[in-house]
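Structural overview for review
Listed here are the chains, written in short residue letters.
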Amino acid sequence: MPRRGLLRAFGLAPLALAAPALAQSGYPSRPVRVLIGSAPGGATDITARILAEAMGAAFPRGFAIENRTGAGGNLAAETAARAPADGYTLLFNDAAMMAINPVLFRNVPFDPANDFTAIAHVAEFPFVIVVRPEVPARNLTELAAWAKTQADPILFASPNTGSQHHLGMEIIAQRLGFRVTHVGFRGGGPATTAILGGQMPLGSIGMPPLVPHLREGKLRALAVSTGTRSPQLPDVPTIAEAGVPGLSLAVWYGVVGPRGTPPEVVRYVSEALAAALAKPEVQQKLGSQGLTARYMPPAEFDAFMAEERTSWGTAARAANVTIE
């Protein structure tokens, strides 16, 4: 799927233009609530907090970040969809909420195509297939061979039921012909803790909570999900290199508001995000966590999410996974 360049030219001009347009309304005159569908410590939470800190000048009242976990992010998305469309409730969203959950879950209490206003795409990153050191596998082919010798399906952890990490592992297992049983957690941090604690032998998790444990040898990475290797894990092969040719699965994050969020507010928030993502220190912080800053303005992000609903929706149906 085509990915656009990081940024057009952004300096102080975008925010200087945005502020007068909102002078009469005084936005933002109070803290802005940012809903996140996973627990603190995971990739979603870390990314949102990095950006919130970087946008301090544009949002002097700050942000109230709320980790509304459960149902694969559906609770956070439902809360955002039902909130007043005034710019004071935003949702830090991903493909699970916008494309996968409507296929996997029998009842989704929001319409991803019609209940939200696109604001900006902000970042993307690979998830990582990891195992505990005692698992005798150093790539996906060896993982499949070991799994096929086990009497029961292999338990695997992911940050959320219905997440890209969850569905991606199901697709890999189908392609390589071994059985897995998914256990969803409320974020990448808790999922990583479960693997470290020995409750799970296998995980499909975003990079931020994994990096220190991989470097210390407490976990072993078998593959990254994107089509190119990660600069943070240059020795870890891609999914295609590790045994599943032609497969590439990136995780992305964006920001949306409830449907009907005023255009001037959308513009203000989007340009504040663009300015934050242009800062070298923000790119460095995101990069150290394995994320790539990638800005898309509202119209482009809206079209991108429509494409994702088609591609991930097709993958979800092919995986034949249904969640009550």
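Figured I'd write up the structure that's included with this text. (Residues numbered from 1 in each chain as written. Predicted model: local features only at pLDDT ≥ 70, side-chain atom pairs only at ≥ 80, totals over all residues. Heavy atoms only, no water.)

Things to note about helix H6 (residues 164-176)
In this model, H6 (13 residues) spans 18 Å end to end at C-alpha, consistent with the 18 Å of a helix rising 1.5 Å per residue. Along H6, eleven of the 13 residues are buried, which leaves the element largely enclosed by surrounding structure. Immediately downstream of H6, the backbone of Gly177 shows phi near 75°, a positive value. (Helix = DSSP H or I, 4+ residues; strand = E, 2+ residues; numbered from the N terminus. Expected span 1.5 Å × (residues − 1). Buried < 20%, exposed > 50% of the residue type's maximum accessible area, 1.4 Å probe, protein only.)

Observations regarding the pairing of strand S10 (residues 292-296)
Counting buried residues in S10 gives four out of five residues, a clear majority hidden from the surface. Across three bridges, strand S4 (residues 116-131) lies against S10 in antiparallel orientation. Counted as the bridge partner of Ala123 is Ala293 from S10. (Pairing = 2+ DSSP bridges.)

Brief notes about the packing of helix H10 (residues 263-278) against helix H11 (residues 280-288)
Running from N to C, H10 and H11 point in directions that differ by 75°, and their axes come no closer than 5 Å. Here H10 is positioned roughly perpendicular relative to H11, judged by the angle of their axes. Here Ala276, Leu277 and Ala278 of H10 come into contact with H11, specifically with Pro280, Val282, Gln283 and Leu286. A per-class count over the contact of H10 with H11 returns six nonpolar, one polar and no charged. (Axes fitted to C-alpha atoms, helices over the stretch in contact; angles between N-to-C directions. Parallel < 35°, antiparallel > 145°, perpendicular 65-115°, else oblique. Contact = heavy atoms within 4.5 Å. Nonpolar A, V, L, I, M, F, W, Y, C, P; charged D, E, K, R; others polar.)

Considerations on empty space enclosed by the protein
Applying the stated criterion across every chain, the model contains three cavities of 30 Å³ or more. By volume, the largest cavity amounts to about 180 Å³. Lining of the largest cavity is provided by 23 residues; of these, Ser38, Thr44, Asp94, Asn160 and Tyr253 occupy positions nearest its centre. Listed by contribution, the elements that provide at least two residues to the lining of the largest cavity are helix H2 (43-54), strand S3 (89-94), helix H4 (95-104), H6, strand S7 (202-206) and strand S9 (250-258). Considering only residue class, the lining of the largest cavity consists of ten nonpolar, twelve polar and one charged. (1 Å grid on protein atoms, 1.4 Å probe; cavity = no way out; pocket = protein on both sides within 12 Å on 5 of 7 lines; lining within 4 Å. Points joined across faces, edges and corners; volume = space filled by probe spheres on them.)

Here we look at the packing of aromatic side chains
Counting across every chain of the model gives eleven aromatic pairs. Note on Phe59 and Tyr268: the rings are 5.6 Å apart at their centroids and 75° apart in plane angle, and the pair reads as edge-to-face. Of this pair, Phe59 sits in the loop between H2 and strand S2 (63-67) while Tyr268 sits in helix H10; the two residues are 209 residues apart in sequence, bridging distant segments of the chain. Judged by its relative accessible area of 3%, Phe59 falls in the buried class. Between the aromatic rings of Trp252 and Phe301, the centroid separation amounts to 5.7 Å while the plane-to-plane angle is 85°, which identifies the pairing as edge-to-face. Highlighted residues: Trp252 in strand S9 and Phe301 in helix H12 (residues 298-319), separated in sequence by 49 residues. Residue Phe301 is classed as buried on the basis of its relative accessible area of 0%. Chaining the aromatic ring pairs together yields one cluster made of Tyr27, Phe59, Phe63, Tyr88 and Tyr268. In this arrangement the basic side chain of Arg30 is found over the ring face of Tyr88, its NZ or CZ atom lying 3.7 Å from the centre. (Phe/Tyr/Trp six-rings, centres within 6.5 Å; stacked < 30°, edge-to-face > 60°. Lys NZ or Arg CZ within 6 Å of the ring centre and 35° of its normal.)

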